[in-house]
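# Structural overview
Chain residues, written in single-letter form:
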Amino acid sequence: MLLYSFLVLILLHNVTSLKCNKCHYDTIFNYTITTETVPLMPANCTIVDALHTCSIEIHWMKSPIQSSVFYDSNSGIIRTSYHHVFSSVEHRANGYAKQQDTHTLMYSCDTDGCNNNTALKAILNALTLTEQLNELESLLAPGYYPTFTEQESCFNSFNTTQTSEQCKSGSASIPTCIGCRIEVNSNEFCAQCAAQYYLRIDDYILRTKIFFLYNRTQTDRMELFCRTKNCNALTSIDKIRQKSSLEFDFDKFFNGLTPSSTGHTFHFLIFILFIEQFFVFLV
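Being a predicted model, the structure only gives us computed values, none of them experimental.

With that settled, the discussion passes to the packing of aromatic side chains. Scanning all chains against the criterion turns up 12 aromatic pairs. Ring centres of Phe155 and Phe189 lie 6.3 Å apart, and the angle between their planes is 15°; this geometry places the pair in the stacked category. Of this pair, Phe155 sits in the loop between β7 (127-131) and β8 (157-158) while Phe189 sits in strand β10 (residues 188-194), and the two are 34 residues apart along the sequence. Residue Phe155 is classed as partly exposed on the basis of its relative accessible area, which comes to 30%. A cation over an aromatic ring shows up here: Arg200 above the ring of Tyr204, its NZ or CZ 3.9 Å from the ring centre.

What follows concerns unusual backbone geometry. At the junction of Ser63 and Pro64, the peptide bond is cis and its omega measures out at 0° in the coordinates. Positive phi is not limited to glycine here, since Tyr145 has a value of about 45°. One can find Tyr145 in the loop between β7 and β8. The phi dihedral of Ser186 is positive, around 60°, even though this residue is not glycine. Structurally, Ser186 can be placed in the loop between β9 (179-185) and β10.

Reported here for the second largest pocket is a volume of approximately 200 Å³. Forming the walls of the second largest pocket are Thr32, Ile33, Thr34, Thr35, Trp60, His103, Leu124, Leu127, Thr128 and Leu129. Top contributing element to the lining of the second largest pocket by residue count: β7, with 3 residues. Class assignment for the residues of the lining of the second largest pocket results in 5 nonpolar, 5 polar and no charged.

Along the chain, Cys54 falls in strand β3 (residues 54-62). Linking Cys54 and Cys109, residues 55 residues apart in sequence, is a C-alpha distance of 5.3 Å. When residues no more than four places from it in sequence are discounted, the contact partners of Cys54 are Leu18, Lys19, Cys20, Asp72, Ser73, Tyr107, Ser108, Cys109, Thr111, Cys114 and Asn115.

Right, let's get into the nonpolar core. Judged by nonpolar contacts, the single largest core of 57 residues is most densely connected at Val69, Leu105, Tyr107, Leu120, Phe248 and Phe253. Per-element accounting of this core gives the leading share, 6 residues, to helix α2 (residues 117-126). In this structure, Leu105 is in contact with Ile56, Glu57, Ile58, Trp60, Val85, Phe86, Leu120, Ile123, Leu124 and Leu127, ignoring residues within four places of it in sequence. In terms of nonpolar packing, the next biggest core, distinct from the first, is built from 6 residues, Ile178, Ala194, Tyr198 and Phe225 among them.

Reading the values: rules and limits
Residues numbered from 1 in each chain as written. Predicted model: local features only at pLDDT ≥ 70, side-chain atom pairs only at ≥ 80, totals over all residues. Heavy atoms only, no water. Phe/Tyr/Trp six-rings, centres within 6.5 Å; stacked < 30°, edge-to-face > 60°. Helix = DSSP H or I, 4+ residues; strand = E, 2+ residues; numbered from the N terminus. Buried < 20%, exposed > 50% of the residue type's maximum accessible area, 1.4 Å probe, protein only. Lys NZ or Arg CZ within 6 Å of the ring centre and 35° of its normal. 1 Å grid on protein atoms, 1.4 Å probe; cavity = no way out; pocket = protein on both sides within 12 Å on 5 of 7 lines; lining within 4 Å. Points joined across faces, edges and corners; volume = space filled by probe spheres on them. Nonpolar A, V, L, I, M, F, W, Y, C, P; charged D, E, K, R; others polar. Contact = heavy atoms within 4.5 Å. Core = buried A, V, L, I, M, F, W, Y, C linked by side-chain atoms within 4.5 Å.

This is the structure:
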């Protein structure tokens, strides 16, 4: 029994002392990183302690074509879920941003060394990001802090209790309205004549999905901030949905992982279960 308790203490120490890869590349890659073109992990990688999660982050830019990748710790998007894939596609209005179209991937995991090259390849093999959001450019006003005079045209409505107060305050005063916005999260939406605290330098379209790996569920969120007439109508969300696709094949992901890529905790758990059954047998 003492041996069993000792092993449990070791396991608890192992779980609370998460080890992550921390690496950075000294360059931005002038190509699109795919499963076939994932760069080797750089020589400057170190092992660091993390409180909750290890992470991998990738950004893909379309014009010019560039990619960047980082391995780090404790940068999960969802603090209540330590094992998920966050993905997004964003289009920014013409005339200000150097990069109008950006795709983003953030992977969060919670076992030793799980943010590695093999895991990245498995994610890229499972993830599909496609979009033609530039075809919705007419919804966006071009340039740097574009003038907005179409306050009366903004669609003001909501069907969610979570953001209803923000929707009410944002639409209550037309003189303080700086643009139209709409946010849809699953089947809930908030559309409003946006107040000052939503101000952005340029108009944008954003769609994000989060794939939760423990229970194979997902969330879908779309957001539009725009300064053209009638731009935040519900039909605009339909167009965003039609012009973008973010999909994740959970089976492909898990089949692509090797035992080493999931860290040592899983194997230790199996060992503990074996010891437990062994002691039960002796008793």
